[in-house]
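The primary structure of each chain is shown beneath.
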Amino acid sequence: MEQIEVLISEEEVETKICELAKQISIDYAGKEVHLIAILKGSVFFTCELAKRLTVPVTMDFMTVSSYGDGMVSAGQITIKKELDEDIDGKEVLIVEDIVDSGHTLMHLKKLLLGRNPASLKIATLLDKPDCREVEIKPDYCGFVIPDRYVVGYGLDYAQQYRNLPYIGVIDQK
Ligand code: 5GP
């Protein structure tokens, strides 16, 4: 049975999302931001962020898979659900739950840049820079965390724990 220890409380997450929303609203002033949520992990973050943005928002969803039900990156990416809408000319903001090796975002960024958006930026709730294998830096980041496997706030372990309202560290000892 896994033990879960709180790493970032619900209050801390919410405060940080408010700060990010404020900054993003300033940066996109006068524009419409097109959020691309990467399913399923970024759903909680995307909703909470979107609710607090003061600029016009449109949203789309994509499912990209780079992990199985385990905790180790397969280093491979498959698009399981495509976007519904064209991003040509749009101010795209990819919303991710966590950046680990960076492979997922590197692949996505290349793919989406090829579709001619007006701009393309990345917002992530969590970043594990110590795990980076490719050079990619999110434009907006909630928390930099150590190299630990985290769950909650949309993040799963074998499809469980996504509904935890905080970010927890999973320990299988
Ligand atoms: P990357 O391609 O950057 O290695 O991996 C990004 C994806 O791996 C994330 O969107 C997430 O689905 C998954 N991932 C990476 N680290 C963690 C973690 O600590 N916990 C969970 N639940 N998923 C993770």
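Summary of the structure given here. Only a predicted model underlies this, so the values are computations on that prediction, with no experimental measurement involved.

A word on the sheet that holds strand 7 (residues 140-144). Pairing is mixed in the open sheet, where six strands are placed in the order 4-3-2-5-6-7. Each edge of the open sheet carries a strand with a single partner, namely strand 4 (78-81) and strand 7. Sheet twist, expressed as the mean angle between neighbouring strand axes with direction ignored, is 30°. Pairing analysis gives four bridges linking strand 6 (residues 119-127) to strand 7, with the strands arranged parallel. Across the sheet, residue Asp127 finds its bridge partner in strand 7, namely Val144. In the packing of helix 3 (residues 103-113) onto the sheet, contacts are made with strand 2 (33-39), strand 3 (57-65), strand 4, strand 5 (91-99) and strand 6, and the angle to strand 5 comes to roughly 170°.

In the region of the ligand, 16 residues are neighbours, and Ser101, Thr104, Lys128, Val150 and Asp156 sit closest. One nitrogen or oxygen atom from the side chain of Glu96 is found 3.3 Å from an oxygen atom belonging to the ligand. Taking 500 Å² as the accessible area of the ligand by itself, protein coverage stands at 91%. The set of elements that each furnish at least two residues to the shell around the ligand consists of strand 5 and helix 3.

Core analysis: the largest hydrophobic core is formed by 28 residues, its most contacted members being Val13, Leu49, Leu93, Leu125, Leu126, Val150 and Ile167. Ranked by residues supplied to this core, first place goes to helix 1 (residues 10-27) with five residues. In this view, Val150 contacts Leu7, Ile98, Leu126, Ile145, Leu155, Asp156, Ile167, Gly168 and Val169; residues no more than four positions away in its chain are not counted. Counting residues in hydrophobic clusters, the runner-up holds 15 residues, among them Leu83, Val92, Ile94 and Leu108.

Attention now moves to the pattern of salt bridges. Tallied over the full model, the rule gives eight salt bridges. Asp84 serves as the salt-bridge partner of Lys81, at 3.4 Å between the closest nitrogen and oxygen. Lys81 sits in the partly exposed class, given a relative accessible area of 26%. For Asp84, a relative accessible area of 61% puts it in the exposed group. Each of Glu48, Lys51 and Arg52 takes part in one network of salt bridges that share partners.

Calculation criteria
- Residues numbered from 1 in each chain as written.
- Predicted model: local features only at pLDDT ≥ 70, side-chain atom pairs only at ≥ 80, totals over all residues.
- Heavy atoms only, no water.
- Pairing = 2+ DSSP bridges.
- Helix = DSSP H or I, 4+ residues; strand = E, 2+ residues; numbered from the N terminus.
- Axes fitted to C-alpha atoms, helices over the stretch in contact; angles between N-to-C directions.
- Contact = heavy atoms within 4.5 Å.
- Near = heavy atom within 4 Å.
- Polar contact = N/O pair within 3.5 Å; in protein donor to acceptor, adjacent residues only side chain to side chain.
- Areas by Shrake-Rupley, 256 points an atom, 1.4 Å probe, with all protein chains shown as cover.
- Core = buried A, V, L, I, M, F, W, Y, C linked by side-chain atoms within 4.5 Å.
- Buried < 20%, exposed > 50% of the residue type's maximum accessible area, 1.4 Å probe, protein only.
- Salt bridge = Lys/Arg side-chain N within 4 Å of Asp/Glu carboxyl O.

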